[in-house]
Amino acid sequence: MNAIVASVRAEYVRYKALAEAAIEQLSESELAPPPAGGGNAVAVICWHVAGNLRSRFTDFLTADGEKPWRKREEEFAARTVSRAELLAHWERGWAPLLETLNALTDADLERTVTIRGQPLRVHEALHRSLAHTSYHVGQVVYAARAIRGGSWRFLSIPPGQSDAYNANPAFEKPDAHAAKVRR
């Protein structure tokens, strides 16, 4: 793995940790209900992210990223799952991504992969996937914060603490931020 792939991997790990830290703050009964005002429940969003990552990164360099076995519409079905079931499904999605990133080098970034029959350079597919994943992680964090209200443990700089953080910005690197939210 080289510098660019390592940087992309670190950002994925940061977003994985953010979602997991948000999920950790929810009770099991808070995972499945849709948020007030509509939208997808935390469990549904996580199910979708896992399905997307598993499809895209299984045989990443050799097969279309939209696998025939993926049932995307089913990912958005309302579901009641235990925390253990949700996290197991989540990990099944992340495993192919992390395995792929561990095997890629910067030299692979100009190779071509296919998603839904459309050719993309590896670097384009990675940026597209990272943006998609971070978008949905933001939804998970937002929904979890809305559910927890005043008992929310902030995963970034808490309100009113910007000056103190800026005096000692210890969590700018993705791995440091991921470690912080996992505490």
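For the structure itself, consult the block above.
Residues numbered from 1 in each chain as written. Predicted model: local features only at pLDDT ≥ 70, side-chain atom pairs only at ≥ 80, totals over all residues. Heavy atoms only, no water.

Novice: Help me get a handle on the overall build of the protein, residues and values and all.
Specialist: Helices and strands together make up the secondary structure of the protein, namely 7 helices and 2 strands. Secondary structure of the protein in N-to-C order comes out as α-α-α-α-β-β-α-α-α. Scaling as 2.2 N^0.38, a compact globule of 183 residues should have a C-alpha radius of gyration of about 16 Å, and the protein matches this with 17 Å. When its C-alpha atoms are laid out on the principal axes, the protein stretches across 45 × 45 × 25 Å. Taking the intrachain contacts of the protein between residues at least 6 apart in sequence as the baseline, contacts between residues at least 24 apart amount to 72%. Side chains of the protein give 23 positive and 21 negative charges; the mean places of these two sets differ by 2 Å. (Helix = DSSP H or I, 4+ residues; strand = E, 2+ residues; numbered from the N terminus. Rg over C-alpha atoms; globule rule 2.2 N^0.38 Å. Contact = heavy atoms within 4.5 Å. Lys, Arg positive; Asp, Glu negative; His and termini not counted. Charge placed at Lys NZ, Arg CZ, Asp CG, Glu CD.)

Novice: Please give an account of the packing of helix α1 (residues 3-24) against helix α5 (residues 122-148) that cites residues and values.
Specialist: One can describe the packing of α1 onto α5 by two numbers: an axis separation of 9 Å at closest approach and a directional angle of 20 degrees. Classed by the angle they form, the pair α1 and α5 counts as roughly parallel. In this structure, α1 crosses over α5, and the sense of that crossing is left-handed. Seen from α1, the contacting residues are Val-8, Glu-11, Tyr-12, Tyr-15, Leu-18, Ala-19, Ala-22 and Ile-23; seen from α5, they are Leu-126, Ser-129, Leu-130, Thr-133, Ser-134, Val-137, Val-140, Val-141 and Ala-144. Counted by class, the contact of α1 with α5 contains 13 nonpolar, 3 polar and 1 charged residues. (Axes fitted to C-alpha atoms, helices over the stretch in contact; angles between N-to-C directions. Parallel < 35°, antiparallel > 145°, perpendicular 65-115°, else oblique. Left-handed = near helix turned anticlockwise from the far one by under 90°. Nonpolar A, V, L, I, M, F, W, Y, C, P; charged D, E, K, R; others polar.)

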